[in-house]
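# An overview of the molecular structure
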Amino acid sequence: MRVALYGAGGKVGSLLVPALEAAGHDVVDARASGPSGCGAAIDFTRPDAVVANVHACLAAGVPVVVGTTGFDLDELDRAARAAGIPCFHAPNFALGAVLMMRFAEEAARTFPRAEIVELHFEGKRDAPSGTAKATAARMGTNPVIHSVRLPGLVAHQEVIFGGRGETLTIRHDTTSREAFVPGVLLALERVRDLPAGLTVGLEELL
Ligand code: NAP
């Protein structure tokens, strides 16, 4: 498929280019060429850039897989519904993170007292992370979220549950951005078959 990639030069995008090509896709740098004529688009850019990119795709009738975090998903959903185009967003494309969120949701039923510590590389633009917010929403217990930004980190999260005389910690570590590649490839394969509007969460595709 011809794929328009926004953010091709970024930390995630530069890993996606060879992975997409190895999977047989023809990758277009969407910032230079736009999305017209592509079967789907991918956005891994910035919170202040993603909305305009998605609107360009919707205007061109191109479904979008959105990796960028830290912006208004409801607005994207409304725009995609109005355009009749499917879009997909995962707050975290790593398969282990999907399991971590599922396990945290389950543990919250037994241990309602919990806090989330999300740890990311220095310079991440949004805090708390999209993964932490999504985890908290799934737990439904309004956990406090702590954000750590330090050199040496990639993307990590702990959900610590406290009970009477015991704690339970669920932790996921992304040690390389390669972790996001299989989830993005899966979403790309599936996005055109999704209903119009925004579908959120890799678990919807698994
Ligand atoms: P990054 O290294 O800063 O890369 C962002 C790229 O986007 C840069 O190459 C930048 O180019 C480009 N860009 C900026 N404005 C653009 C525009 N208007 N159109 C096209 N390209 C534009 O960031 P990253 O670490 O790859 O992460 C990108 C986003 O994905 C962030 O929001 C991050 O939180 C998110 N993310 C999500 C997941 C997930 O699983 N959902 C995983 C990792 C990251 P210039 O530098 O030339 O401006």
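It should be emphasised that the depicted structure is a prediction, and the values quoted were computed from it without experimental measurement.

### Comments concerning the pairing of strand 7 (residues 144–150)
Of the strand pairs in this sheet, strand 6 (residues 114–121) and strand 7 are connected by 7 bridges, and their pairing is parallel. Directly across from Glu118, in strand 7, lies its bridge partner Ser147. What joins strand 6 to strand 7 is helix 6 (residues 130–139), and the crossover it makes is right-handed.

### As for the sheet that holds strand 9 (residues 166–174)
Strand order across the open sheet formed by 4 strands is 7-6-8-9, with mixed pairing between neighbours. Looking at the sheet topology across the chains shown, the edges are occupied by strand 7 and strand 9. The sheet shows a mean angle of 15° between the axes of neighbouring strands, direction not considered. The pairing of strand 6 with strand 8 (residues 155–163) spans 7 bridges and is antiparallel. From the neighbouring strand, Val117 faces strand 8, where its bridge partner is Glu158. Seen against the sheet, helix 5 (residues 95–110) touches strand 8 and strand 9 and runs at an angle of roughly 165° to strand 9.

### A short note on the site of the ligand
The environment of the ligand is formed by 21 residues, the closest being Lys11, Val12, Thr69, Ala90 and Phe93. Contact between the ligand and Gly67: a nitrogen atom at 3.0 Å from a main-chain N or O atom of the residue. Between the ligand and Ala90, the relevant distance is 2.9 Å, taken from a nitrogen atom to a main-chain nitrogen or oxygen of the residue. The protein chains hide 76% of the 930 Å² of surface that the ligand would expose on its own.

### What to know about the sheet that holds strand 10 (residues 197–200)
Ordered in space as 2-1-3-4-5-10, the 6 strands form an open sheet in which the pairing is parallel. Taken across any chain shown, the strands that pair with only one partner, and hence form the sheet edges, are strand 2 (26–29) and strand 10. For this sheet the average axis-to-axis angle between neighbouring strands, irrespective of direction, equals 25°. Where helix 4 (residues 73–83) meets the sheet, its contacts fall on strand 4 (64–66), strand 5 (86–89) and strand 10, and the angle it forms with strand 10 comes to roughly 135°.

### Considerations on the packing of helix 1 (residues 13–22) against helix 7 (residues 181–190)
Helix 7 packs onto helix 1 with a crossing angle of 55° between their chain directions and a minimal axis gap of 10 Å. Taken together, helix 1 and helix 7 sit at an angle that is classed as oblique. Considering only the axes of helix 1 and helix 7, their crossing is right-handed. Each of Leu16, Ala19 and Leu20 in helix 1 lies in contact with helix 7, whose residues at this interface are Val181, Val184, Leu185 and Leu188.

### Regarding the packing of helix 5 against helix 6
Running from N to C, helix 5 and helix 6 point in directions that differ by 35°, and their axes come no closer than 8 Å. Considering how the two elements wind past one another, helix 5 and helix 6 form a crossing that is right-handed. Contact with helix 5, carried on its side by Met100, Met101, Arg102, Ala104, Glu105 and Ala108, involves Thr131, Ala134, Thr135, Arg138 and Met139 of helix 6 and no other residues of that element. Residues of the contact of helix 5 with helix 6, tallied by class, amount to 6 nonpolar, 2 polar and 3 charged.

So, how was this worked out
- Counting from 1, residues in each chain are numbered in the order their sequence is written.
- In keeping with the predicted nature of the model, local features appear solely for residues at pLDDT of at least 70, side-chain atom pairs appear and are counted solely at 80 or more, and the whole-chain, interface and lining totals rest on all residues.
- Only heavy atoms go into the side-chain values, all of them from the structure, while hydrogens and water stay out.
- Any two strands with at least two DSSP bridges between them are considered paired.
- Where helices and strands are cited, they refer to DSSP runs of H or I of at least four residues and of E of at least two residues respectively, numbered from the N terminus.
- When the strands point away from the viewer and the path from the first strand over the helix to the second turns clockwise, the crossover is right-handed.
- Convention adopted: a line fitted to C-alpha atoms gives each axis, helices being fitted over their contacting stretch, and angles between N-to-C directions are expressed from 0 to 180 degrees.
- Contacts are assigned to residue pairs with any non-hydrogen atoms lying within 4.5 Å of each other.
- If a single non-hydrogen atom of a residue is within 4 Å of a molecule or strand, that residue counts as near it.
- Residues adjacent in sequence count toward polar contacts only when both atoms are side-chain atoms; beyond that, a polar contact is any pair of N or O atoms within 3.5 Å, and within protein one must be able to donate a hydrogen and the other to accept it.
- Working definition of accessibility: Shrake-Rupley area with a 1.4 Å probe, residue cover restricted to the visible protein chains.
- Note that the term roughly parallel is reserved for angles under 35 degrees, roughly antiparallel for angles over 145, roughly perpendicular for angles of 65 to 115, and oblique for everything else.
- The handedness criterion is simple: a crossing whose near helix is rotated anticlockwise from the far helix by less than a right angle is left-handed, and one whose near helix is rotated clockwise is right-handed.
- Each residue gets one of three labels, nonpolar for Ala, Val, Leu, Ile, Met, Phe, Trp, Tyr, Cys and Pro, charged for Asp, Glu, Lys and Arg, and polar for the others, Gly among them.

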